Each structure stands twice: as structure tokens, then as C-alpha cells.
Amino acid sequence: MPASLFIEHCPNGLAFYINGELQFHTEDEQIYHEYLVVPAIALAAKRFSDLSVSQDNSLNKGIRVLICGGGDGLAVRDVLRFPEVSSIDLVDFNPEVLNLAKTVFAPFNENSLSDRKVNIHCQEAFLFLSDRIQNIANPDDLYHVVICDFTYPTSPEETRVHSQEWFQLIRQVLHPQGILSDNAVSPDCNTLGFWCMYQTLWSAGMIAKPMQVCIPSFHQLGYGDWGFFLAANEQAITKAELANIHFPNGLRLLNLDSLLATFCFNEAIAEQRFTVNIHSQKSPQLLYYLLNHHPNIIESTDANIDFLALDDAQEINRLSQSWMRSLAIDPLRLESVAKLWLEQMQKSHPDFQKLLPVQNPYHTPKMTASWLGSVPQLLEQINLPRLLDRVITRGKDLPPQAIADLKQLLTKLQSGNQGEREERTDVALNRIGSETFQFSTSTKLLISLTVTMLVANLIAPDSVFAKGSTGFASSGNDTGFSWGFTGVIITTIGLTWLSNLYTDSDPK
């Protein structure tokens, strides 16, 4: 996972960027690290008050902390505020960041990586935990606190350390009464991604409480409030417990009142937690939500939810119900996308944002509407009779009903039936919103074909659609319709799924 590192020297301090994303600004990084580190260590100090660092400086007693990521040494600095901590394992895969922590960042992290309590492991965190589990022989080998301080994930590989499998690994190295502190994404700018992380934590068996904090330098770059999760392995965190923790001296902003306030979320934002899916290595939902964060579509209300006041049993029950529902609305599955299109096209006011499988962070609703408006012209470029003939020829594994529908549609198209041409026009997405819109089988197939190509384009863009030299724009001759074999296979598979879908919904 290569990373581009950039240090900006400013009049008011130093800013550090990885892959163009601000990691910290020395002017206010203390706020971020105080909320990431102090509540977790203070809770552990309370829960494990029977542990104490021995007078002979033995490291076998006291609180054991694992920091994953955080190679800049700033989180380590704040962990070292607590004398109850006996040892810290720091795991970061990037040697350049670790070197900066020992040199350029040393004045800001107070030479934390040189402390005798700190053990540095230059390794990928997932592999470190997998190896660590093999070496746990007794409860003394478990960590009392795990702190995750990762960069913003921008690839499937980077979302691995936010997966259900990752948190299940953490549970195995964390003491049953232990605490996890996890940095997240912005709950107001990346609402669905934030709650995807929340759902994933609960699904892995953690008892999670969400937090949001205002960090000025993040706000200046449009990142919004920043999110964290404070989670327990088995013993839930309560407001009464937090009210009795001890804060070390010298904190910049964190105090009990400000800490308790971070657990309150606007009700409209909070309710989105039941609309997302769990992120796992087999189904990388988090990256989908981060690419499709749909800014400004959630309107805040005056009501707030205090997550410290929620009943954890009721919360897990409601989350479990949403997990069952999510099985039918997985945005990464072709069948789900097709269902969504059919549902939205029958609404008076469809949600255009939901019609595209993937968008980038700068994709606005206006751009989406404009793109959808171009779909009719795009479909006109397709030599549909040739396309259907090719699919029928190669799609021998399609259900008989699907083949029959395709042949019927092909016959109508070849006959030049005026009514069918009008029906083709109905496919145009500028008809979305028609209150009397009724789908025929052929119309459904055309919609399905459009959706299939959209999804297939995500998988094999150069073979299927719009890119490269193998597009299927009609030129009126055989050589003009050169369609990549991969695209045919993908589309055939997609049509098989969709044909089954129609069979289920329409017994005729």
C-alpha cells in the first residue's frame, strides 16, 4: 500500500498529509488525540485498578496497550500520560512515517517513540494481530486497550482494517473487560460510511458508542466533524462509569462535559445507522459508502439522541433487524441495483442519487440528473437487435422464460412495430416520475440491460462499456459491433439473475 507523504510548514505549526489527506495539524492535533486516547485509557485505568506497575519497574504489571497505525507517535504521547500503563505495542507498516516520528515530529510527540515502554513493530496490522493470536498463552498476554489510528481508507485493501474480520481479531487479543478506541470518518460528511463502521463493530461482538468531535483544521478542509468509536469487548460503557474516570493534567480541550456531549447525535443522522450494511472482506461495503456519501441529502432535525442513554439490548435488537433487511438491499449486488431501479422508476419523486452504482466524492445530485438524462441518447447508440441476437446466441444457460422474452422482444424490434418503438422510448429515463408508468417484460429487460452494463462496466470497463476500443456503438455493420467476450459473459450472468428475479415477482 504505497503512500505519498507531504509535510507543510505553516506559520502556526506543521501539517502532515498522507495521499493528500490531512493527518494532523500541530495547531489542533491535541484535540483529535485527546478524544482518541484519553477516554479509553482512563476507562481501563478504572476497570483494571488492581493492576499496578511494580516498584522494580517490571513491565509485567500494569495496563498493556496496543496502537494500530498512529506511526506519528502522537497517540503514544497521550497514552504515556498515564502512569498506570506498563507497555505499548505500536504497529505501523510505514517505515517512513515511523522515521518522521523519531525526527521531524519528535518535538510534537515529545520523543514518545524513544520511551522504554514502547515496542515498535513495522508490520501490517492485520498480519500482526493474526500472528499475535497464535502467541496468547494466558490472560496476561491480552491487551487492556486497543487503539486504532488508521488513515482514511481509499482502497479495498485499506478498508480491511475496518472489517468485521478485523474487529473479531481484536476481540481475541483484547481482555474481556478491555476497551477499543477506533478513529472513523466524518458522521456528517460521510454519514453512511460512519454508520457502516458502527454496524460492523456491533456485528463483530463489540458494544460500540459513537462519538463526534469538531477539529478546526479538519473543518477548514471540509472534512466536517470527525468521528470516533469507543467500544467495549464484553462490559458495556455507561455514562456513570465515564463520570468517574480520572483525566490527566494538561489536556487542551477534553473534560467530562465535553466528552459526554460527543455521544449526542442529531436524530436524523443517527437513524441512518439502520440503513447500511456490514463491512466484511467478502463484501466491502465501507468503500462503497465512502464513494457514495451523498452529501447534504439528510436534513437535520431539532431532536438529538444520546447514545450513552440507549438501551444496549434494544440497540442490538434493532441492528439485528436491519442486518436481515440489508440482505435484500445490498448495493454491491446486481440484483439489488436492478430492484432499486425498478422501484425508483415507479415513484413520483425518485431518488436519483440511488440510481448509480458508484459515484465519486465530488459527484453532485445535479451531475447525477444530467448523467441520467443522457442515458436515452446512450441507449439510442446501441444496435439493440444485434445486441439481443448476440446475447440469445451466447446465453444458452439463461432460463427458458428469459430466452423467450428476449426472442419476443427481438422479433418486435426487427418487425419495426411502432408500438414497440414507443415502448422503447418509455425506457428513456426522462420519463421517470410518470404516475402511470407500467412495465412490460421487454421494458424490464431493457432496464435490466442498462443496469447490467452499468455494473459490468465497474468490473471490466475496457471490455464492456464506454471505455477502450471495444465499445458497442452501432455503425450498421458487423465490424462496428465488436463486443468484448468478457462483457458478454458478465451481461449474460446479469441477465440470468435478473430473469430469475422477474420469474419470482411475476409468475406469468
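Quick caveat, the model's predicted, so the values are computed rather than measured.

Conventions we followed
- Residues numbered from 1 in each chain as written.
- Predicted model: local features only at pLDDT ≥ 70, side-chain atom pairs only at ≥ 80, totals over all residues.
- Heavy atoms only, no water.
- Helix = DSSP H or I, 4+ residues; strand = E, 2+ residues; numbered from the N terminus.
- Buried < 20%, exposed > 50% of the residue type's maximum accessible area, 1.4 Å probe, protein only.
- Contact = heavy atoms within 4.5 Å.
- Areas by Shrake-Rupley, 256 points an atom, 1.4 Å probe, with all protein chains shown as cover.
- Pairing = 2+ DSSP bridges.
- Axes fitted to C-alpha atoms, helices over the stretch in contact; angles between N-to-C directions.
- Parallel < 35°, antiparallel > 145°, perpendicular 65-115°, else oblique.
- Left-handed = near helix turned anticlockwise from the far one by under 90°.
- Nonpolar A, V, L, I, M, F, W, Y, C, P; charged D, E, K, R; others polar.

### Observations concerning the overall build of the protein
Counting secondary structure elements, the protein contains 21 helices and 12 strands. The buried share of the protein, reckoned over its 508 residues, is 54%. Excluding contacts between residues fewer than 6 apart, the proportion of contacts in the protein whose partners are at least 24 apart in sequence is 72%. Total accessible area computed for the protein in this model is approximately 22,800 Å², and 51% of it derives from carbon and sulfur atoms.

### Some words on the pairing of strand β2 (residues 13-18)
Within β2, five of the six residues are buried, leaving the element largely enclosed by the surrounding structure. Direction of pairing for strand β1 (residues 5-10) relative to β2: antiparallel, over a ladder of six bridges. Bridging from a neighbouring strand, Ile7 pairs with Phe16 of β2. Linking two consecutive strands that pair antiparallel, namely β1 and β2, is a turn of two residues.

### Describing the packing of helix α5 (residues 125-134) against helix α6 (residues 164-173)
Between α5 and α6, the least distance of the axes is 10 Å, while the angle of their chain directions is 40 degrees. Relative to α6, α5 is oriented oblique. The chirality of how α5 crosses α6 is left-handed. Contacts between α5 and α6 involve Ala125, Phe126, Leu129, Ser130, Arg132 and Ile133 from the first element and Glu165, Trp166, Leu169, Ile170, Gln172 and Val173 from the second. Per-class residue counts for the contact of α5 with α6 are eight nonpolar, two polar and two charged.

### Focus: the sheet that holds β1
With antiparallel pairing, the three strands of this open sheet are ordered in space as β1-β2-β3. Of all strands in the sheet, those with a lone pairing partner are β1 and β3 (21-25), marking the two edges. Strand-to-strand, the axes of this sheet are offset by a mean angle of 25 degrees, without reference to chain direction. Here helix α3 (residues 95-102) sits on the sheet and contacts β1 and β2; the angle it forms with β1, its principal contact strand, is near 25 degrees.

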